[in-house]
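Residue strings, one per chain:
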Amino acid sequence: MEKLGWGEGSFDEVYYGQYISFYMKRIFFLDDSGPPFGHMLLALGGYLGGFDGNFLWNRIGAEYSSNVPVWSLRLLPALAGALSVPMAYQIVLELRFSHCTAMGAALLVLIENALITQSRLMLLESVLIFFNLLAVLSYLKFSNSQRHSIKYMGVFTYLLVLSVAAVHAWHLIGDQTLSNVCVLCHLLARALALLAVPVVLYLLFFYIHLTLLCRSGPHDQIMSSAFQASLEGGLARITRGQPLEVAFGSQVTLRSVSGKPLPCWLHSHPSTYENGRGSSHQQQVTCYPFRDVNNWWIVKDPGRHQLVVTNPPRPVRHGDIVQLVHGMTTRLLNSHDVAAPLSPHSQEVSCYIDYNISMPAQNLWRLDIVNRESDTDVWKTILSEVRFVHVNTSAILKLSGAHLPDWGFRQLEVVGEKLSQGYHESTVWNVEEHRYGTSQEPKERELELHSPTQADFFWRMLTLRGDDSEHKYSSSPLEWVTLDTNIAYWLHPQTSAQIHLLGNIVIWTSASLALAAYALLFCWYLLRRRRRACDLPEDAWLRWVLAGALCAGGWAANYLPFFLMEKTVFLYHYLPALSFQLLLLPMVLQHVGDHLCRSQLQRSLFRALVVAWYSSACHVSSLLCPLTYGHRALSPGELKALRWKDSWDILIRK
């Protein structure tokens, strides 16, 4: 806990800090890296420290202001890192290995530089590792006496424990010494502890998250219009007081319910479709991911010319035939049996321009309220999910999700889906903004549509996505095992003091070798047992298998999925997998000493080698301490001496 309160932001602290501020201000957000429990734990530290959320988390290395309780914010990750040490000890004991082996595992967790660095900052990996180890320890204690995730990666550890529990349950069912009632109680206890409780906790965390965050925030637009309207500010401010029932003459914006690949609104602009496969050269209709005046449409009665709401208003109901008039160009939403530009099996949707050729307008649409309670339901703002069925061709208005070329300004393609396979979100729309039109004259109506309902810049900022380009310190999973990469977390603005996420190379290399040795020995023993040659006593074999299932399996479950992920990944993503390797390494060493060293002399020599190895690991950990804690400045010569691999990015000031 020493010197946790040094006052400058480092690397991903900027990322997590903004979410802590959101919690303090009760602003809604969603982070796709995992469930909200981890963020809530970090926010708890801020709450206990009296943080008001007022800090601009926009620059790595920015000095924290006096209102940011840095020590309190970093306390919970530090506690999780510290408690992982005795947890490692307990797990190895529960696997029925010796106290010396358990002490060895705890020592490795204690001196591993990467784990120390990660646990001393406002980051989540140490908390994830703690709960991973807690899940394993809890199950072992439960099993020997007869869950919950921070990031989504914790799900893989949960599935691992679930698999081991399933194997144990299968053996219990076959145990003839237990009564049927006893077996049933064991199975129910496992189902409660490993299925019911984790699901309840998972849902509870989201419930707390949504209850706490009641104000409009940066991620509103990925949610439904109804959800957005329930938040204070944002869409709720925009839609306050607007009419509930859509009437003929209403001015509306139509949002795609799907929200994929981006939240967007039905849109048109004066540009026409370019030459291409069967292009009609009509006015483009797209889906635009920003609020814009060109998103407004007027719901028109095909039998009347007026574009205003009558008094009293005539509500639009399920099954009514309507025309949608683009507010700014006054052209009608239209579709022909012409192939869409990017979706050849669907038909083009446009706003009709009369070129005086043999292609008459086909601009009638039947309203289908998907979530109606009866066939006479009225079309309601926000609440109603509707489809527009083209009267002439029965095609359904659909967001294809494809990005149009430059001539379509990279906006999203909208098509008429000819062969609709039942309900699909991409064919469903809802009215988000709504007002009763009162201006019949085109110029007056244009001014009415231009009347501001929100700050466009604000909404554009909220819908901007992060840069998907490669980060300077991103790496591939293959680089993690060999420690070919590092991350510069912090650099003192005046001196050469710095903090790096950098592993103990002796431990990382040995952990990988131990994993390979376990796999080879396991396969060898398995083949030998197949030939009825049992090299290990039955209890030693079962202990060896369980150790591998949990530790080697834990490494695989927390490492291999990264090869399937397309997101940018960093060295710290390997730390949960590494923690399982640190448990396995001392157990492999004990196994070699107990079962492969035949004589007392061999055992004595092997123990001496193990002591020498632990000493070298401690020595390397001590050498890397200046880069782990950043507590003192290093000379250029010292920094060069610590750059043991050319791929390590050690910052040297000249």
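Residue numbers here run from 1 along each chain, matching the order of that chain's written sequence. Reporting in this predicted model follows two pLDDT cut-offs: at least 70 for local features of residues, and 80 or more for side-chain atom pairs to be given and counted; totals over whole chains, interfaces and linings ignore these cut-offs and use all residues. Values reported for side chains reflect all heavy atoms of the structure, with hydrogen atoms and water molecules removed beforehand.

## Looking at the overall build of the protein
So, step 1. Numbered from the N terminus, helices here are DSSP runs of H or I no shorter than four residues, and strands are runs of E no shorter than two. On a plain count of helices and strands, the protein comes out with 19 helices and 14 strands.
So, step 2. A buried classification covers 53% of the 654 residues belonging to the protein.
So, step 3. Method for areas: the Shrake-Rupley scheme with a 1.4 Å probe, in which residue coverage is limited to the protein chains shown. Total accessible area on the protein is roughly 30,000 Å²; 60% of this is exposed by carbon and sulfur atoms. Buried means the residue's accessible area, taken with a 1.4 Å probe over protein chains only, is under 20% of the maximum for its type, while exposed means over 50%, and partly exposed covers the values in between.

## Thoughts on the pairing of strand 12 (residues 429–436)
Within a regular beta strand, the side chains point alternately toward one face of the sheet and then the other, so they alternate between its two faces.
So, step 1. Burial analysis of strand 12 places 7 of its 8 residues in the buried class, which makes it a mostly covered element.
So, step 2. When DSSP finds at least two bridges between two strands, those strands are taken to pair. The pairing of strand 1 (residues 250–256) with strand 12 spans 6 bridges and is antiparallel. Bridge assignment links Leu 254 to a residue of strand 12, and that residue is Val 431.

## Side note on the layout of surface pockets
So, step 1. Only protein atoms enter the 1 Å grid used here. Points where a 1.4 Å probe fits but cannot escape make up a cavity, open sets with protein on both sides within 12 Å along at least five of seven lines make up a pocket, and a residue lines them when an atom lies within 4 Å of a point. Grid points are joined across faces, edges and corners, and a volume is the space filled by probe spheres set on the points. Of the volumes computed, that of the second largest pocket is approximately 570 Å³.
So, step 2. As for the second largest pocket, its lining consists of 17 residues, of which His 168, Leu 542, Arg 543, Val 545 and Leu 546 are closest to the centre.
So, step 3. Counting residues per element, the ones that place at least two in the lining of the second largest pocket are helix 6 (125–144), helix 7 (154–173) and helix 15 (538–559).
So, step 4. Looking at the lining of the second largest pocket element by element, the count peaks at 6 residues for helix 15.
So, step 5. Taken together, the residues of the lining of the second largest pocket sort by class into 8 nonpolar, 5 polar and 4 charged. Throughout, the ten residues Ala, Val, Leu, Ile, Met, Phe, Trp, Tyr, Cys and Pro are labelled nonpolar, Asp, Glu, Lys and Arg are labelled charged, and all others, Gly among them, are labelled polar.

## Re the packing of aromatic side chains
So, step 1. Between 30 and 60 degrees the pair is tilted, below 30 it is stacked and above 60 it is edge-to-face, where a pair is any two Phe, Tyr or Trp rings, Trp via its six-membered ring, whose centres lie within 6.5 Å. Under the criterion given, the structure shown has 32 aromatic pairs.
So, step 2. Measuring from ring centre to ring centre gives 5.3 Å for Tyr 559 and Phe 563, while their planes differ by 85 degrees; the resulting arrangement is edge-to-face.
So, step 3. Between Arg 435 and the ring centre of Trp 296, over which it is positioned, the NZ or CZ distance is 4.1 Å.
So, step 4. Taking NZ or CZ as reference, Arg 543 lies 5.0 Å from the ring centre of Phe 97, over its face. Note on geometry: a ring has a charge over it if NZ (lysine) or CZ (arginine) is within 6 Å of the ring centre and within 35 degrees of the ring normal.

## Observations concerning the state of the cysteines
Such a bond, covalent and formed between the sulfur atoms of two cysteines, is termed a disulfide.
So, step 1. Any two cysteine sulfur atoms lying within 2.5 Å of each other are counted as a disulfide. One pass over the structure, following the stated rule, counts 1 disulfide.
So, step 2. Free cysteine: Cys 182, not disulfide-bonded; nearest cysteine sulfur from Cys 185 at 6.6 Å.
So, step 3. Residue class for Cys 182 comes out partly exposed when judged on its relative accessible area of 27%.

## Points about helix 2 (residues 37–48)
So, step 1. The first and last C-alpha atoms of helix 2 sit 16 Å apart over 12 residues, in line with the 16 Å expected at 1.5 Å per residue.
So, step 2. Within helix 2, 9 of the 12 residues are buried, which leaves it mostly tucked inside the rest of the structure.
So, step 3. Here helix 2 has its buried residues at Phe 37, Gly 38, His 39, Met 40, Leu 41, Leu 42, Ala 43, Gly 45 and Gly 46.
So, step 4. The contact criterion used is simple: two residues touch if any of their non-hydrogen atoms lie within 4.5 Å. Considering only its buried residues, helix 2 is in contact with helix 1 (13–25), helix 3 (70–94), helix 6 and helix 8 (180–212).
So, step 5. Phi for Gly 50, located one or two positions after helix 2, is positive at around 80 degrees. Here a helix's expected span is defined as the number of its residues, less one, multiplied by 1.5 Å.

## As for a nonpolar patch on the surface
So, step 1. On the surface, a nonpolar cluster with roughly 360 Å² of combined accessible area is contributed by Leu 204, Tyr 207, Ile 208 and Leu 212.
So, step 2. One can find Tyr 207 in helix 8. Two distance rules govern patches: like charges are joined within 9 Å, and nonpolar side chains (Val, Leu, Ile, Met, Phe, Trp, Tyr) within 5 Å, applied only to residues with over 30% relative accessible area and no salt bridge. The term salt bridge refers to a pairing of a side-chain nitrogen on Lys or Arg with a carboxyl oxygen on Asp or Glu at a separation within 4 Å.

## Focus on the packing of helix 14 (residues 505–530) against helix 17 (residues 600–623)
So, step 1. Packing of helix 14 against helix 17 brings their axes to within 8 Å, and their N-to-C directions diverge by 135 degrees. Taken together, the axes of helix 14 and helix 17 lie oblique to each other. Across the interface between the two elements, Ile 505, Val 506, Ile 507 and Ser 510 from helix 14 touch Trp 613, Ser 616, Ala 617 and Val 620 from helix 17.
So, step 2. Of the residues in the contact of helix 14 with helix 17, the class split is 6 nonpolar, 2 polar and no charged. To get an axis, fit a line to the C-alpha atoms, keeping to the stretch in contact for a helix; angles then go from 0 to 180 degrees between the N-to-C directions. Here the angle decides the label: under 35 degrees means roughly parallel, over 145 means roughly antiparallel, 65 to 115 means roughly perpendicular, and every other value means oblique.

## A few points about the side chain of Gln 323
So, step 1. Of note, Gln 323 is situated in strand 5 (residues 321–326).
So, step 2. N or O atoms closer than or at 3.5 Å make up a polar contact, with two conditions inside protein: a donor-capable atom paired with an acceptor-capable one, and, for residues adjacent in sequence, both atoms drawn from side chains. A polar contact is formed between the side chain of Gln 323 and the side chain of Asn 363, at a distance of 2.8 Å.
So, step 3. Apart from the residues within four sequence positions on either side, Gln 323 is in contact with Ile 298, Val 299, Lys 300, Asp 301, Pro 302, Leu 332, Asn 363 and Leu 364.

## Description of the UniProt feature "transmembrane region" (unreviewed entry) in the protein
So, step 1. Within the UniProt annotation, "transmembrane region" (unreviewed entry) is assigned to residues 37–57, 69–89, 95–115, 122–140, 152–173, 185–208, 505–528 and 540–560.
So, step 2. Summarising residues 505–528: 100% helix, 0% strand, and an end-to-end C-alpha distance of 34 Å. UniProt positions are given in the numbering used here, feature names are shortened, and annotations may be inferred rather than shown by experiment.

## Observations regarding the environment of Phe 55
So, step 1. By secondary structure assignment, the location of Phe 55 is in the loop between helix 2 and helix 3.
So, step 2. Judged by its relative accessible area of 19%, Phe 55 falls in the buried class.
So, step 3. Between the C-alpha atoms of Phe 55 and Ser 21, which are 34 residues apart in sequence, the distance is 7.4 Å.
So, step 4. Setting aside chain neighbours within four positions, we find Phe 55 in contact with Ser 21, Glu 63, Tyr 64, Ser 65 and Val 68.

## Re unusual backbone geometry
So, step 1. Cis peptide bonds are those with omega within 30 degrees of zero, and the linkage from Lys 260 to Pro 261 qualifies with 0 degrees.
So, step 2. With respect to the helices, strands and loops of the structure, Pro 261 is situated in the loop between strand 1 and strand 2 (265–272).
So, step 3. With omega at 5 degrees, the peptide bond leading from Asn 311 into Pro 312 counts as cis.
So, step 4. Checked against the element boundaries, Pro 312 lands in the loop between strand 4 (296–300) and strand 5.
So, step 5. Phi is positive for Phe 409, which is not a glycine, with a value near 60 degrees.
So, step 6. On the basis of relative accessible area, Phe 409 is assigned to the partly exposed category, the value being 46%.
So, step 7. In this model, Arg 532 sits at a positive phi of 65 degrees, which is unusual for a non-glycine residue.
So, step 8. As for its placement among the helices and strands, Arg 532 is situated in the loop between helix 14 and helix 15.
So, step 9. Its relative accessible area of 70% is what places Arg 532 among the exposed residues.

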